[in-house]
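This is what each chain is made of:
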Amino acid sequence: MNKIAFALFLICRATLLHAQNKTVILSGIVKDKNTQEGLPYVNIALKTLKDSAFITGTVTNEKGLFSISELKPGEYVLELFYTGYHTCKKNVFIGKLSEFLDIGSITMEENTATLKEIVIEGKQDAVSEKLDKKIYSIEDNISQGGGSVLQAMKNLPSVTINQEGKVQLRGSDKVTVLIDGKQTALTGFGNQTGLDNIPASAIERIEIINNPSAKNDANGSAGIINIILKKNQQNGLKGKLGLISGLGALWQKQQNLPDIRPQYQNNYKFNPSLSLNYRTEKINLFFQGDAIAQKVLNKNEFIERKYDDGTVIRQQFLENRTQNVYTAKTGFDWNINTHNILTLSALYNQEAHIDRGDLPYFNQDLSERKRLWQYYENEINTAFSSNGIYEHKFKEAGHTLKANFNYTFHRENEKFTFDSFLPTIQSNDATHLIADENVSDLNIDYSKPLKQGRVELGSKLRWRYIPTRMMFLPGKNSVLDINAQGWANYNEYISAVYSNYVYENKHFEIESGLRLEYVNVSYIVTPSHNTYKSSGYTYVLPFPNFRTAYLINENNRISLFYNRRVDRPDEQDLRIFPKYDDPEILKTGNPTLRPQFTQTMELGYKSSWKKGYLYSAVYIRFIDNILTRIVTAPLGSTFINSIAQNAGKGKNEGVELIYNQEITKWFSYNISLNGYQNTIYAFRIENVYPFKVSYQADKSQMYSGNLKINGIFRLPKQLDIQISGIYLAPDIIPQGRIESRYALDIGIKKGIQKGKSELFLNATDIFNTMRIQKVQTSTGFTLKSKDLYETQIVRVGYSYKF
């Protein structure tokens, strides 16, 4: 602990690259003032306002239209020259909010009249100038290279990964994850499935959007994480070949309880990757392929259950995993002409794993084994997504109409066999689950730049259908609840329309949007189920967003945000079938769950200087119908049931700070701090499976947060070193708390072969200190757990660009 604390406060870095300032395309039309006809071939020059230095120039086309691209933010002068007309000089302000600005029409006179001044303003950047988005490059995250995208995200400011492998933003796991701006079964439509199956080598960058606009789906109250896959933008044939290998769990964090198979150690990791891109003026063909083969200590949880009658049960939940993952994305962009683009793409992912589980149950002093539970799980998850995008570009730059159709299929095929060894009875059972997820999305988006901003309009239609079949195969002395098997069908229909308006001038910005959603969800279950019945819900609700900003000067701004968002229960939260990986802490879903609604307000401030910036924000969330799990035990029983529930109301309020500074050309650092107070108000629920048990909780409150300190050394001869330290403070969870966690990562990268190749070496959780400890209290018992799963991994990799 002393080593970690020492390293945390001495080592820092600017690890994750905030996006560079985006350039802007300025467009307009030049007309004759008297005839209002476009003037062809007018010469246009753009100069700086300060010293009249020439920046760039262009000529109007035969209709008088013009556009100037790749303009950096600043104040400029437009000068227009045309034979027989007086020269015009117009001040132009290029901001950072809009990527496209339409100047509208400029009229020129043949006589001596002069034109009135026109001022164009706009904005967009990174910790973005709007303060709603942060953008990070995967290649610059040296200490996490070679892992999954889930592992790569753990160093990002305000991001944490919980015990179930879910991403949390500012302490909440209600996050929507997109791939290239779209939801897919690979990343989940609410449950974040598959993030640990996407290799980081396939990713170009990650965008974190804390305050989404009405253009985005209303789901995901904590925000949106958008994963951008690699696609080369250069002409000709380009590509990148990579090969990564490593070892995980180099030593044990704690020895096993007696009588079980050993923990996986020195676990191999192997990750080859290939990206290809062929681009011409009309066609861009792309391919990205990755594979992962590895052994993983997937779970290693030590649990102690203390009951009010004095009974104590100690157990271990050990899960050793062998896993193979294959991912491929391919497609093409076709520039039909200057105004029309068609993109077709397909994404395929298959994840297959074999889990070998051991769960011994002992008395308090380990002198008596009460039970041994062993299982073998063979699961294959297959996901396929096809996408078609048609985009029409009108004559004015940035004036677009886009239609996007996406179909996703995901199959979960789980075969599960297990043996139960009691002192006098042995049993063998099996289960087989098949769940097929089918999702069809149609989105239409329209955007038109204005003189001082832009307007966005659009609509969305979604149909999501998931038929699920659970089959129980009981053996002799079966422990299965045979009447809890069967089938269930999940149906989801969503239709939505939205509008979003952006206004900007030199000192103020306003963005206001409204999304109106109709949602109908039905969950039809087998009539023979012994507990649950069919259920569903419908709503038609508005989801507004508002942002206003005051630009103090070029380097300082303040923004105020408000939005209302929803978290719809995912199918797995509703799923009625018990999961038998731990027979004495049994998990099931709950078809009576209802959506969680959240209102968020945030005040943000950003100050920039030549070699750094400070970003700060204070925020508060008001939460209704909290989605969580509640554990209970029937009276007189030591068996525990963990059931998905709505746990009433809550509140999350906090402050976020990000400080980035370049000290010298060879050293920079980044510190991010997120401190918050979580409040869960008193609530009462009733778990009904397998028996009705009521539970009531008083109001709970706790201060928590996380600190991440990162430093990067850019040394001579293309040698980079990155060191990252993470500290996560204790936090409350329903019925209890989770204790502090900390880790230290290090990465080294060396450019070779004249910059065409790279070698890297990294180590995550180098001192093997990361562990998740929880305490949960329910009626009649207290549960303490400590999960010592695999976090220590050493990797070496090579990549070659051609």
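Criteria and thresholds
- Residues numbered from 1 in each chain as written.
- Predicted model: local features only at pLDDT ≥ 70, side-chain atom pairs only at ≥ 80, totals over all residues.
- Heavy atoms only, no water.
- Pairing = 2+ DSSP bridges.
- Helix = DSSP H or I, 4+ residues; strand = E, 2+ residues; numbered from the N terminus.
- Axes fitted to C-alpha atoms, helices over the stretch in contact; angles between N-to-C directions.
- Patch = residues over 30% accessible without salt bridge, like charges linked within 9 Å, V, L, I, M, F, W, Y side chains within 5 Å.
- Areas by Shrake-Rupley, 256 points an atom, 1.4 Å probe, with all protein chains shown as cover.
- Salt bridge = Lys/Arg side-chain N within 4 Å of Asp/Glu carboxyl O.
- Buried < 20%, exposed > 50% of the residue type's maximum accessible area, 1.4 Å probe, protein only.
- Core = buried A, V, L, I, M, F, W, Y, C linked by side-chain atoms within 4.5 Å.
- 1 Å grid on protein atoms, 1.4 Å probe; cavity = no way out; pocket = protein on both sides within 12 Å on 5 of 7 lines; lining within 4 Å.
- Points joined across faces, edges and corners; volume = space filled by probe spheres on them.
- Nonpolar A, V, L, I, M, F, W, Y, C, P; charged D, E, K, R; others polar.
- Contact = heavy atoms within 4.5 Å.

Asker: Would you explain the sheet that holds strand β1 (residues 24-32) in this entry?
Answerer: Pairing between the strands of a sheet is mediated by backbone hydrogen bonds and can be parallel or antiparallel. Pairing is mixed across the open sheet formed by three strands, whose spatial order is β4-β1-β7. Edge positions in the sheet fall to β4 (65-71) and β7 (100-108), since each has one partner strand and no second. Sheet twist, expressed as the mean angle between neighbouring strand axes with direction ignored, is 20 degrees. Where β1 and β4 come together, five bridges link them in antiparallel fashion. The residue bridging Val24 from the neighbouring strand is Leu71, located in β4.

Asker: Sorry, what's going on with a nonpolar patch on the surface here?
Answerer: The grouping of Phe508, Tyr550, Ile552, Ile558, Leu560, Leu603, Val618, Val655, Leu657 and Leu673 at the surface amounts to a nonpolar patch, some 780 Å² of accessible area in total. Elements supplying a minimum of two residues to the nonpolar patch: β25 (535-553), β26 (556-567) and β32 (649-664). Note on placement: Phe508 falls in strand β24 (residues 508-525). Residue classification places Phe508 among the partly exposed residues on the basis of a relative accessible area of 43%.

Asker: Hey, could you run me through the nonpolar core in this one?
Answerer: Nonpolar side chains in soluble globular proteins tend to end up buried together. Counting 46 residues, the largest nonpolar core has Trp373, Tyr375, Phe418, Tyr523, Tyr580, Ile640 and Phe781 as its most contacted members. Considering each element in turn, this core owes the most residues, four residues, to β24.

Asker: Quick question: what am I supposed to make of the sheet that holds strand β11 (residues 175-179) here?
Answerer: Ordered in space as β8-β12-β13-β11, the four strands form an open sheet in which the pairing is mixed. Each edge of the sheet is formed by a strand with only one pairing partner; in this case those strands are β8 (133-137) and β11. The sheet shows a mean angle of 15 degrees between the axes of neighbouring strands, taken without regard to direction. Here strand β12 (residues 203-209) runs beside strand β13 (residues 223-229); their pairing, made up of six bridges, is antiparallel. Counterpart to Ile209 in the pairing with β13 is Ile224.

Asker: Help me understand empty space enclosed by the protein in this model?
Answerer: The gaps of empty space that remain are located by a probe, the size of a water molecule, rolled over the atoms. Going through the model one piece at a time under the given rule, you end up with ten cavities of 30 Å³ or more. Considered as a void within the structure, the second largest cavity measures approximately 370 Å³ in volume. Lining the second largest cavity are 25 residues, with Ser201, Lys240, Ile244, Phe760 and Ser799 sitting closest to its centre. At the level of secondary structure, the elements contributing two or more residues to the lining of the second largest cavity comprise β14 (236-248), β15 (267-279), β41 (757-764) and β44 (793-801). When grouped by side-chain class, the residues that make up the lining of the second largest cavity number nine nonpolar, eleven polar and five charged.

Asker: In this structure, what is going on with the environment of Arg205? I would like to understand it.
Answerer: By the element assignment, Arg205 lies in strand β12. On the accessibility criterion, Arg205 (27% relative accessible area) is partly exposed. In sequence terms Arg205 and Glu571 are 366 residues apart; their C-alpha atoms lie 29 Å from each other. If sequence neighbours within four positions are ignored, Arg205 has contacts with Ile135, Tyr136, Ser137, Ile138, Asn226, Ile227 and Ile228.

Asker: Mind showing me how you'd approach the pairing of strand β35 (residues 693-697) here?
Answerer: On a regular strand, one side chain projects to one face of the sheet and the next to the other, so that they alternate. Only one face of β35 is buried: it carries Val693, Tyr695 and Ala697, and the other face, with Ser694 and Gln696, is open. Judged from the five bridges that link them, strand β34 (residues 683-687) and β35 form a sheet pairing that is antiparallel. The residue of β35 that forms the bridge with Glu686 is Ser694. A loop of five residues connects β34 with β35, the two strands running antiparallel in sequence.

Asker: Looking at this structure, how should I read the pattern of salt bridges?
Answerer: In this structure the tally under the stated criterion is 40 salt bridges. Where Arg547 meets Glu509, a salt bridge forms, and the shortest distance between an N and an O atom there is 3.1 Å. Of this pair, Arg547 sits in strand β25 while Glu509 sits in strand β24, and the two are 38 residues apart along the sequence. Across the pair Lys749 and Glu758 runs a salt bridge, and its minimum N-O distance is 3.8 Å. Assessed through its relative accessible area of 26%, Glu758 is described here as partly exposed. Linked by salt bridges that have partners in common, Glu437, Asp441, Arg462, Arg464, Glu492 and Asp570 make up one network.

None of the figures reported here should be taken as evidence of function without further support.
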